[in-house]
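Breakdown of the fold
So the chains spell out like this:
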Amino acid sequence: MSPEGDGVTRWRRVADDIRSNIGDGIISDALPSELELAARYGVNRHTVRRAIAALTADGLLRVERGRGTFVNSKPQRIVYPIGSRTRFSENMLKQSLEPSGRLIKSDFVLSDLVMATLLGCRVGTRLHRLDSLSVADGIPLSRSTSYFSAERFPGIIDAYAETGSITEALRREGVVDYRRRETRLTAERISAKDAELMSCAADAVVLISKAIDVDLEGQPVQFIRTKFLADRVELVMLQN
């Protein structure tokens, strides 16, 4: 294996190569032992274990104690309906999956003309910017960046950090219900930073949703940009 030099860690190189071998049918059942893989890739066993752990979290491999590591049948994508009431936790629970959310970071920004138009506020309005990771059954599915009025929702960051749910955080801030006003979809290759965060292939494709949520009076409460992993999530647009 060539030495690291392009920002891709050794364990990810190993994971990507194993993933490619599985996709090409070179590995179809049992994985070679850790010692064999370490020798093949010129790395230590810890690096191999980390690569296997990432592929296991992806649902691509399973570890059977006393037997070894095996290739799973191709996992089905998780269905994610997008309609007037789009809720991550509800969508996951309906599929018997355990949802959770994690705060990556947060800060304050001032709205530019584009964001002011989206959120119906003045240019220069102080906004909360919240970066989060959404997970189902321990597997990362998406990462989002949300924007909220800091004046209207002063405690939104703490509420999300405590609950792991945007819906619950908004409820604590006085929004009992909200609706999706619009959703726009595009796609692109994942960035190296997001690939690391979501434990996926370095060349994975993400489906990008840009959406505006409004309260029952039609006032914008959130602009959210979400990157869904295309090989883990199937977006379904609902007609309302």
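Since the structure is predicted, the reported quantities are computational estimates derived from the model, not experimental observations. (Residues numbered from 1 in each chain as written. Predicted model: local features only at pLDDT ≥ 70, side-chain atom pairs only at ≥ 80, totals over all residues. Heavy atoms only, no water.)

**Some remarks on the domain arrangement of the protein**
The test is simple: Domain delimitation follows an automatic or database domain assignment. Contacts were defined at the residue level, with two residues in contact if any of their heavy atoms lie within 4.5 Å. Throughout, the accessible surface (probe 1.4 Å) given up by two parts as they are put together, summed over both, is called the buried area. Any carboxyl oxygen of Asp or Glu within 4 Å of a side-chain nitrogen of Lys or Arg constitutes a salt bridge here. By the criterion applied in these results, polar contacts are pairs of N or O atoms within 3.5 Å in which, for protein atoms, one can donate a hydrogen and the other can accept it, and in which residues neighboring in sequence qualify only through two side-chain atoms. The helix and strand labels rest on DSSP assignments: H or I over at least four residues marks a helix, E over at least two residues marks a strand, and numbering proceeds from the N terminus.
Its domain assignment divides the protein into domain 1 (10–71) and domain 2 (78–236). Summarising the inter-unit geometry, the C-alpha centres of domain 1 and domain 2 are found 32 Å apart. Domain 1 puts eight residues into the contact, and the matching count from domain 2 is eight residues. Of the roughly 680 Å² buried between domain 1 and domain 2, counting both surfaces, carbon and sulfur atoms make up 39%. The tally of links from domain 1 across to domain 2 stands at two salt bridges. Two residues, R50 and E196, come together in a salt bridge whose shortest N-O distance is 3.7 Å. Our count for the contact surface shared by domain 1 and domain 2 stands at two residue pairs in polar contact (both at pLDDT 80 or more). Mapped onto the side of domain 1 that touches domain 2, the elements with two or more residues apiece are α1 (10–23) and α3 (45–57). If you tally residues by element for the side of domain 1 that touches domain 2, the top one is α1, at four residues.

**Considerations on helix α2 (residues 34–41)**
Convention followed: Burial classes: relative accessible area under 20% of the type maximum marks a residue as buried, over 50% as exposed, and values in between as partly exposed (1.4 Å probe, protein chains only). The reported arc concerns the directions from the helix axis to the C-beta atoms and nothing else.
Along α2, the residues that are buried comprise L37, A38 and Y41. Within α2, the buried residues cover an arc of 100° as seen down the axis, which keeps them to one side. Exposed residues lying more than 90 degrees from the buried face of α2 are L35 and A39. On its buried face, α2 sits against α1 and α3. The first or second residue beyond α2 is G42, which carries a positive phi of 70°.

**Describing the side chain of H128**
Within the element layout of this structure, H128 appears in strand β5 (residues 126–136). Judged by relative accessible area, which is 5%, H128 ranks as buried. A polar side-chain atom of H128 sits 3.2 Å from the main-chain carbonyl oxygen of F153. Not counting residues within four places of it along the chain, the set of residues in contact with H128 comprises D107, F108, S146, Y147, F148, S149, A150, F153, P154, I156 and I157.

**Here we look at the pairing of strand β2 (residues 68–71)**
Stated precisely, the cut-off is as follows: Strand pairing is defined by DSSP finding a minimum of two bridges between the two strands.
The pairing of strand β1 (residues 61–64) with β2 spans four bridges and is classified as antiparallel. Paired with E64 across the strands is G68, a residue of β2. Here β1 folds back onto β2 in antiparallel fashion, the turn holding three residues, of which G66 has a positive phi close to 85°.

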